[in-house]
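# Residue-level structural notes
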Amino acid sequence: MTDYLPTGIGVLDRKLEGGLPVGSLVLLSADPASQSEQMLYELTVPRPTLYLTTARSPAAVMTAIENAGGSMETTNVHALGERPLNEAFTLVSNCPPNSTVIIDTVDMLETGQTQEYLHFLNDIRSELLSKDSYAVLHGLDGRQVQAQRDITEYLSDVIFELSTEVRGENIENRLIVPKFRGGVPFDETLKLELTQEVAIDTSRDIA
């Protein structure tokens, strides 16, 4: 029987019937101009979190987590350097059991050789499974998408696709889960509010 770990985002855990399967690789695909990081910050709350940043400084990430109400006490933030795949694997190998791993963004890891990247994803999945943990890979779905994104999507066990649209004076964030190994994908789009916390947007749609 598959074990599930709560994400800490109530609306997601209810829709996912408990959370995410242990050992999962989860791709959060979102527009660079969206507030998708808010989801990442909330994921730090339920358990110890290893937050690997490839673009922003650790200080900037920690400030953002604090401002968003995430957990600073149990979150370790590391910036990946010139050998990001090797550094990321070493850090994941050394993280404590029952952890959440966040890679923000995975785009920077998708630029290397295909076989090396394939081995990396398969190797960290094995580590996550042995540690009763899961990883969220934050991928930017912007004007240019990395060539290796197909590999990330294929090897990911769960895919969250977050779209952001401006309608008049309102910003709409919609989440779909087109892929969920070990569970059932969403049969509907979830309209979210990405403010101080992630919640369902109950406002009515206007055609």
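The coordinates are above.
A short tour of the structure in this document, coming up. Along each chain, residue indices are assigned from 1 in the same order as the chain's sequence is written. At least 70 in pLDDT is required for a residue's local features to be given in this predicted model, at least 80 for side-chain atom pairs to be given and counted, and no such filter applies to totals for whole chains, interfaces and linings, which use all residues. Side-chain measures were taken over the full set of non-hydrogen atoms in the model, leaving aside hydrogen atoms and water.

### Description of the packing of aromatic side chains
Between 30 and 60 degrees the pair is tilted, below 30 it is stacked and above 60 it is edge-to-face, where a pair is any two Phe, Tyr or Trp rings, Trp via its six-membered ring, whose centres lie within 6.5 Å. What the rule picks out here adds up to one aromatic pair. Measuring from centroid to centroid gives 6.4 Å for Tyr117 and Phe120, while their planes differ by 20 degrees, and the two rings are stacked. One end of the pair, Tyr117, and the other, Phe120, are both in helix H5 (residues 114–130), three residues apart, so they sit about a helical turn from each other. For the pair Tyr117 and Phe120, a shared accessibility class is recorded, and that class is buried. Secondary structure elements are defined from DSSP: runs of H or I of at least 4 residues count as helices, runs of E of at least 2 residues count as strands, and each element is numbered from the N terminus. Only protein chains enter the accessibility calculation, which uses a 1.4 Å probe; a residue is then buried when its area is under 20% of its type maximum, exposed when over 50%, and partly exposed in between.

### Things to note about helix H4 (residues 84–93)
Owing to its 3.6 residues per turn, the α-helix aligns residues three or four sequence positions apart on the same side. Burial in H4 covers these residues: Pro84, Leu85, Ala88 and Val92. Considered in projection along H4, the buried side chains sweep an arc of 95 degrees and stay on one side of the axis. Only heavy atoms matter for contacts: two residues are in contact if any of them lie within 4.5 Å across the pair. In the core, the buried residues of H4 are packed alongside strand S4 (49–53), strand S6 (100–104) and H5. When we speak of the arc, we mean the arc of directions from the helix axis to the C-beta atoms.

### Overview of the pattern of salt bridges
Think of a salt bridge as a Lys or Arg side-chain nitrogen and an Asp or Glu carboxyl oxygen that are within 4 Å of each other. Going through the model one piece at a time under the given rule, you end up with seven salt bridges. The salt bridge partner of Arg125 is Asp157, with a shortest N-O separation of 3.3 Å. In this pair, Arg125 sits in helix H5 while Asp157 sits in the loop between helix H6 (149–155) and strand S8 (158–167), placing the two residues 32 residues apart along the sequence. Pair check on accessibility: Arg125 and Asp157 agree, each one buried. Here Glu172 and Arg174 are joined by a salt bridge, their closest N and O atoms 3.4 Å apart. Taken together, the shared-partner salt bridges connect Asp107, Glu110 and Arg149 into one network.

None of the figures reported here should be taken as evidence of function without further support.
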